[in-house]
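Observations on the model geometry
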Amino acid sequence: ILLRAHAPVATGLAGPGTHAVLLHLLRQILRALAHRIERAALAVDGAVGIALAELAFGLILLAMALIAHRRHIPFWSLVDTIAPAVPFGLFFGRLANFINGELYGRVTDVPWAIVFPGGGDLPRHPSQLYEAALEGVVLFLVLRFVTHRAHRLDHPGFVSGVFCAGYGLART
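Residues numbered from 1 in each chain as written. Predicted model: local features only at pLDDT ≥ 70, side-chain atom pairs only at ≥ 80, totals over all residues. Heavy atoms only, no water.

Before going further, it helps to examine helix 5 (residues 127-149). Structural remark: α-helix, 3.6 residues per turn; residues separated by three or four positions point the same way. Relative to the 33 Å expected for 23 residues at 1.5 Å per residue, helix 5 spans 31 Å between its end C-alpha atoms, a close match to the ideal helical length. Every buried residue of helix 5 is accounted for by Ser127, Gln128, Ala132, Glu135, Gly136, Leu139, Leu143, Val146 and Thr147. In this structure, the buried side of helix 5 is in contact with helix 4 (86-100) and helix 6 (158-171). A positive backbone phi angle near 50° is found at histidine 151, which sits one or two residues after helix 5. (Helix = DSSP H or I, 4+ residues; strand = E, 2+ residues; numbered from the N terminus. Expected span 1.5 Å × (residues − 1). Buried < 20%, exposed > 50% of the residue type's maximum accessible area, 1.4 Å probe, protein only. Contact = heavy atoms within 4.5 Å.)

This is the structure:
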């Protein structure tokens, strides 16, 4: 009973001082954290970007597994059905990279080289267009052949395997 009666007084006296000390410590911690993040901003941005992309890919695969399970569809059959549509996204993504002037290639003297705004004064390979052609158009045509001419949708996992191999080859 004695503690309950004096608790408001004790808190009123200790509260402002404790609050000021804790606020000061919090400010110091945040300043130190901001300084560290500022120094490693590029590394943090890259790591966060990769982590988010991997998380999104994992969530997509999880959602596909749940859909396949609920609808009693073999997982690899579902993946094989979706894989031929992925090159469209890759194609338009690379075109967006080109339009935004991102991910340009090495300095070159070929006639179709482009001077990118963020790439300095020297002409560079439009590598985004190469990748759009390979990852988008060529990979789509290969998958179209595999699914419609070779009739490989009957073999679960085959089309997605061709996609992974083709994407890997296009990226090298």
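Its place among the elements puts threonine 147 in helix 5. A distance of 2.8 Å separates a polar atom in the side chain of threonine 147 from a polar atom in the side chain of histidine 148. Apart from the residues lying within four places of it in its own chain, the contact partners of threonine 147 are Pro84, Arg152, Leu153 and Val159. (Polar contact = N/O pair within 3.5 Å; in protein donor to acceptor, adjacent residues only side chain to side chain.)

Counting 8 residues, the largest nonpolar core is built from Ala83, Leu90, Leu139, Leu143, Val146, Val159, Val162 and Phe163. Counting residues per element, the ones that place at least two in this core are helix 5 and helix 6. (Core = buried A, V, L, I, M, F, W, Y, C linked by side-chain atoms within 4.5 Å.)

Residues at a pLDDT of 70 or more form 77% of the chain, whose mean pLDDT is 82. The secondary-structure element of the chain with the lowest mean pLDDT is helix 1 (residues 2-39), recorded at 58, while helix 5 shows the highest, at 95. Low pLDDT, under 50, characterises residues 1-13; the stretch is placed with 2 contacts to residues that sit more than four places away or in other chains. (pLDDT = per-residue confidence, 0-100.)

Turning our attention to the packing of aromatic side chains. Aromatic rings considered in pairs are described by the distance between their centres and by the relative angle of their planes. The tally for this structure, following the rule as stated, stands at 6 aromatic pairs. A centroid spacing of 5.2 Å and a plane angle of 75° characterise the contact between phenylalanine 75 and tryptophan 76, whose relative ring orientation is edge-to-face. By relative accessible area, phenylalanine 75 is classed as partly exposed at 26%. In this structure tryptophan 76 comes out as partly exposed when scored by relative accessible area, which is 46%. Ring centres of tyrosine 104 and phenylalanine 116 lie 5.3 Å apart, and the angle between their planes is 25°; on these two criteria the pair is classed as stacked. Highlighted residues: tyrosine 104 in the loop between helix 4 and helix 5 and phenylalanine 116 in the loop between helix 4 and helix 5, separated in sequence by 12 residues. Judged by relative accessible area, tyrosine 104 falls into the partly exposed class, the value being 29%. Members of the aromatic cluster, joined through ring pairs, are Phe98, Tyr104 and Phe116. (Phe/Tyr/Trp six-rings, centres within 6.5 Å; stacked < 30°, edge-to-face > 60°.)

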